[in-house]
Amino acid sequence: MADWPDGVARHVLERVDSTNAEAFRLAPHLSGPAWIMARRQEAGRGRRGRPWNDPPGNFAATLVLRPTGGPGEAARLSFVAALALHDALVALCGPQIRLALKWPNDVLLNGGKLSGILLESSGTGGSMTSLAIGIGVNLAAAPESEQVEAGAMRPVSLLGETGLTITPEELLDALAPAFNDWARRMENEGFAPIRQAWLARAARLGETILARAGNTRIEGRFDGIDETGALILTTAGGRQAIPAAEIYFSEG
Ligand SMILES: Nc1ncnc2c1ncn2[C@@H]1O[C@H](COP(=O)(O)OP(=O)(O)OP(=O)(O)O)[C@@H](O)[C@H]1O
Ligand SMILES: O=C(O)CCCC[C@@H]1SC[C@@H]2NC(=O)N[C@@H]21
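Residues numbered from 1 in each chain as written. Chains lettered and ligands numbered in written order. Predicted model: local features only at pLDDT ≥ 70, side-chain atom pairs only at ≥ 80, totals over all residues. Heavy atoms only, no water.

(A) Region of the structure containing the sheet that holds strand S12 (residues 216-225). The strand order S11-S12-S13-S14 describes an open sheet built from four strands, whose pairing is antiparallel. A single partner strand is all that each edge strand has here, and the edge strands are strand S11 (208-213) and strand S14 (238-242). Mean inter-strand twist for the sheet, computed between neighbouring axes without regard to direction, equals 50 degrees. Looking at chain direction, strand S13 (residues 231-235) and S14 are connected through five bridges and run antiparallel. (Pairing = 2+ DSSP bridges. Helix = DSSP H or I, 4+ residues; strand = E, 2+ residues; numbered from the N terminus. Axes fitted to C-alpha atoms, helices over the stretch in contact; angles between N-to-C directions.)

Printed below as a string of structure tokens:
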């Protein structure tokens, strides 16, 4: 297994409300990037203000950093995070595991939702002071279908689907170096290799999918992602690019 990356702090907490919330509380006191993991997360947040359900044994962690790459960096980093999580899981579970990526950054296992990634930023006037990349993975248990919204993807757990037991610490120690490797690759070579690697792992490329842009739903053939990470759909009305990753601004 690769070593923990130099210059990145590692905090493991017994319990927390939300690792993203904790990331913003800690951010002013940090001198560099940090991973914050909690063994129990009691008020995890999902996208669009939804609660994230966290049974014991699941992975809940946030990487907090100060972005330096200008506009669009958060969206690009959300693809880096999904790729890193995919690769860390393959390294721990073996290549036979049936993982795929769902735009913009879900990791699916056997077609169900294994993980979720929530990016939040703090800052004023459109400039980001801190970016929190929060990652939840159903290692041990997934919520029942009745506990998630009607029409949501089927939640699955690693243990339930494969019988494999991976601890949150093991995943953190594989994920942090994987994230660093892909982030360094992007620094050196730009978004192109990230885009290519993401597409190589994407679910349902070339198939008809339904995407949500704000309150509208758009159906079309999934024809890839562009150089900003926007979803490319070919619809009855022509080609549409749906901007990548919704970023939520928190206080501060
Ligand atoms: N541990 C969990 N595993 C899977 N889903 C969960 C979990 N906890 C809560 N959920 C909720 O289940 C729903 C599943 O998310 P899903 O990705 O299918 O929908 P979405 O986020 O609305 O859609 P999209 O990914 O297309 O934006 C969300 O409401 C999510 O917050
Ligand atoms: O809705 C989603 O798909 C995103 C879920 C993100 C959950 C993770 S768990 C660790 C981090 N802390 C939070 O409060 N949320 C994210």
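There is more to say, and it comes next.
(B) Representation of the pairing of S12. Where S11 and S12 come together, six bridges link them in antiparallel fashion. Pairing of Ala 213 across the sheet is with Thr 216, part of S12. Of the pairings in the sheet, the one linking S12 to S13 comprises three bridges and is antiparallel in character. Of the residues in S13, the one forming a bridge with Arg 221 is Thr 234. Between S12 and S13, which follow one another and run antiparallel, lie five residues, and Gly 229 among them has a positive phi close to 95 degrees.

(C) Examining the site of ligand 2 more closely. The local shell around ligand 2 holds 19 residues, among which Ser 18, Gln 41, Arg 45, Arg 47 and Lys 113 are the closest. A distance of 2.9 Å separates a nitrogen atom of ligand 2 from a polar atom in the side chain of Gln 41. One nitrogen or oxygen atom from the main chain of Arg 47 is found 2.8 Å from an oxygen atom belonging to ligand 2. Within the complex, the protein chains bury 97% of what would otherwise be the 420 Å² of accessible surface of ligand 2. Listing elements by their share of the shell around ligand 2, those giving two or more residues are helix H1 (19-26), strand S3 (44-45), strand S5 (59-65), strand S9 (115-122) and strand S10 (130-137). (Near = heavy atom within 4 Å. Polar contact = N/O pair within 3.5 Å; in protein donor to acceptor, adjacent residues only side chain to side chain. Areas by Shrake-Rupley, 256 points an atom, 1.4 Å probe, with all protein chains shown as cover.)

(D) Just the nonpolar core, in detail. Within the largest apolar cluster, 60 residues are counted, with the highest numbers of intra-cluster contacts made by Trp 35, Phe 59, Ile 133, Ile 135, Leu 171, Phe 179 and Trp 198. The biggest single contributor to this core is helix H2 (residues 73-93), with 12 residues. What Ile 135 contacts, discounting residues up to four positions off in sequence, is Trp 35, Phe 59, Ala 60, Ala 61, Ala 81, Leu 85, Gly 116, Ile 117 and Leu 175. Within the second largest apolar cluster, eight residues are counted, among which are Ala 23, Phe 24, Ala 27 and Ala 132. (Core = buried A, V, L, I, M, F, W, Y, C linked by side-chain atoms within 4.5 Å. Buried < 20%, exposed > 50% of the residue type's maximum accessible area, 1.4 Å probe, protein only. Contact = heavy atoms within 4.5 Å.)

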